[in-house]
Amino acid sequence: MRAKASGGGGWSSSPRGERVPVAVLGATGAVGQTFIRLLDGHPLFEIAEVAASERSAGRPYAEAMTWHEGRLPPEVAGLTVLACDPRLVKSKVVFSALDASVAGEVEQAFAKAGAVVLSNAKNHRMDADVPLVIPELNADHLSLIDMQREKRGWSGAIVTNANCASTVVAVALGPLHAAFGIRQALIATMQAVSGAGYPGVASLDILGSVIPYIGGEEEKIEREVNKLLGTLGDGGVTPAPITISAHANRVPVEHGHTACMTVGFGRPVTPEEAVEVLTGWKGHAVCEGLPSAPADPLVVRSEPDRPQARKDVYSGGGMTTTVGRVRSDPLMHIRLVALSHNTVRGAAGGSILNAEVLGRMGKLPGVAQGAW
Ligand code: NAP
């Protein structure tokens with residue numbers, strides 16, 4: 001992930017160069033740990049608080065979980081894990097990696113208490129007044145928080161990023177939809193085990209196997225991609241009119257969701273036209289130069305055997321989506337394969353980029369308008 005140095009001519013949110021204190025809810029889980037790794041040394045945000053369930057609350061962070069993300073930042077290791085209660089967690093920028101069984105109510109409580117919550121959970125993604133955002137595609141949807149504040153009467157906000165499988169699909173299809181108008185897409189995913197959290201899928205179930213079912217995942221892809229690629233109007237987002245048929249599979253890969261897609265448009269589109277659009281796509285200008293924005297949100301590879309999770313998942317620090325095998329299709333118009341890192345691009349990294357964009361737009365507590 002690209003980050004400007006915080007000293008000298010680097011980033012700051014205030015004239016004194018202080019970073020914005022943030023909390024991570026669900027900090028002990030797979031996505032929570034990725035947040036801790038990505039926020040370590042972040043030039044704009046500083047981890048002030050970590051929170052998780054009552055099982056972990058009261059313990060030092062280092063002792064409350066099994067750490068999987070390399071170096072555990074020493075200044076975070078000793079933080080006492082708090083309960084997910086806005087009376088205890090004081091930060092006004094809150095990253096949520098909470099389990100969906102609790103995320104809905106907890107995130108609302110924080111927004112009511114004035115925090116901007118950047119959520120990874122499914123609970124509020126499809127609410128009409130909650131932005132579902134991959135900022136390179138639809139940063140304009142962030143303005144829904146004004147409607148949300150008015151409707152719900154709270155000063156905070158909930159902003160969501162998409163399900164990890166919806167993310168890889170939307171980043172690959174978004175530029176094609178904008179250029180040619182997609183009518184139909186048939187999608188089969190091969191999803192990493194880290195997508196199921198920790199401890200996740202039992203090793204005896206997944207080693208040497210493929211599990212052709214991930215509860216709720218196909219429905220999320222079919223709904224969320226159309227909201228992400230939808231059009232913002234006065235009354236909210238009108239979903240894109242793409243008929244999507246999704247198959248979701250769990251595979252024995254550590255990180256990285258792969259999606260094989262067959263796509264039909266309103267008119268015939270050739271692989272050459274598709275590659276030209278995908279190669280030229282740089283995403284929304286508001287992301288440009290932000291610490292978590294990759295230089296290229298999407299890379300097209302021409303080798304016949306790419307993308308591969310082993311080789312491509314950390315492209316752009318895990319924030320770049322890799323597309324390959326763009327070719328013609330006898331059923332619809334084109335076929336392609338895409339890969340994204342599920343806990344980075346599809347979760348923690350996506351959330352952090354959403355927060356950076358909100359800061360740049362002057363919509364984040366503690367960040368002066370125009371500072372970033
Ligand atoms: P996980 O590893 O199971 O972690 C869940 C976290 O939620 C843990 O920190 C856990 O704390 C906390 N939690 C559970 N019950 C709680 C309660 N009653 N009160 C407060 N905290 C509670 O799951 P994950 O994979 O990190 O996923 C986190 C969220 O992100 C989920 O909503 C998931 O759907 C979403 N997501 C995941 C991915 C991915 O690739 N994994 C991608 C996109 C979105 P304890 O350790 O104390 O139990």
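Residues numbered from 1 in each chain as written. Predicted model: local features only at pLDDT ≥ 70, side-chain atom pairs only at ≥ 80, totals over all residues. Heavy atoms only, no water.

Q: Report on the domain arrangement of the protein, specifying residues and quantitative values.
A: Considered domain by domain, the protein is made up of domain 1 (16-163 + 348-360) and domain 2 (164-341). Using only C-alpha atoms to locate each centre, domain 1 and domain 2 end up separated by 24 Å. Counting residues at the interface gives 34 residues for domain 1, matched by 40 residues for domain 2. Here domain 1 meets domain 2 over a buried area of about 2900 Å², counting both sides, of which 66% is carbon and sulfur. Joining domain 1 to domain 2, the criterion identifies 1 salt bridge. Inspection of the domain 1/domain 2 interface yields 15 residue pairs in polar contact (both at pLDDT 80 or more). Among the elements that line the side of domain 1 that touches domain 2, the one with the most residues is helix H12 (residues 344-360), at 7 residues. In terms of residue class, the side of domain 1 that touches domain 2 is made up of 17 nonpolar, 9 polar and 8 charged. (Domains from an automatic or database assignment. Contact = heavy atoms within 4.5 Å. Buried area = accessible area lost by both parts, 1.4 Å probe. Salt bridge = Lys/Arg side-chain N within 4 Å of Asp/Glu carboxyl O. Polar contact = N/O pair within 3.5 Å; in protein donor to acceptor, adjacent residues only side chain to side chain. Helix = DSSP H or I, 4+ residues; strand = E, 2+ residues; numbered from the N terminus. Nonpolar A, V, L, I, M, F, W, Y, C, P; charged D, E, K, R; others polar.)

Q: How would you explain the sheet that holds strand S4 (residues 93-96) if you had to name every residue and give the values?
A: Consider a sheet: its strands pair through backbone hydrogen bonds, and that pairing is either parallel or antiparallel. Read across the sheet, 6 strands follow the order S3-S2-S1-S4-S5-S6 without closing on themselves; strand pairing throughout is parallel. Of all the strands in the sheet, just strand S3 (82-83) and strand S6 (157-160) have a single pairing partner and so form its edges. Bridge count for strand S5 (residues 116-119) against S6 is 4 bridges, and the pairing is parallel. Bridge pairing in S6 places Val116 opposite Ala157. Against the sheet, helix H1 (residues 30-39) touches strand S1 (20-25), strand S2 (45-52) and S4, its axis set at about 160° to S1. (Pairing = 2+ DSSP bridges. Axes fitted to C-alpha atoms, helices over the stretch in contact; angles between N-to-C directions.)

Q: Before we move on, could you go through the site of the ligand and cite the residues and values that matter?
A: Residues in close proximity to the ligand total 28 residues, the closest being Thr28, Ser53, Arg55, Ser56 and Leu98. In this structure, an oxygen atom belonging to the ligand sits 3.1 Å away from a side-chain N or O atom of Asn342. Protein coverage of the free-state accessible area of the ligand, which is 900 Å², stands at 82%. Given that more than half its atoms are within 2 Å of the pocket grid, the ligand belongs to the largest pocket. Contributing elements (two or more residues each) for the shell around the ligand: H1, helix H4 (100-112) and H12. (Near = heavy atom within 4 Å. Areas by Shrake-Rupley, 256 points an atom, 1.4 Å probe, with all protein chains shown as cover. 1 Å grid on protein atoms, 1.4 Å probe; cavity = no way out; pocket = protein on both sides within 12 Å on 5 of 7 lines; lining within 4 Å. Sits in = over half its atoms within 2 Å of the grid points.)

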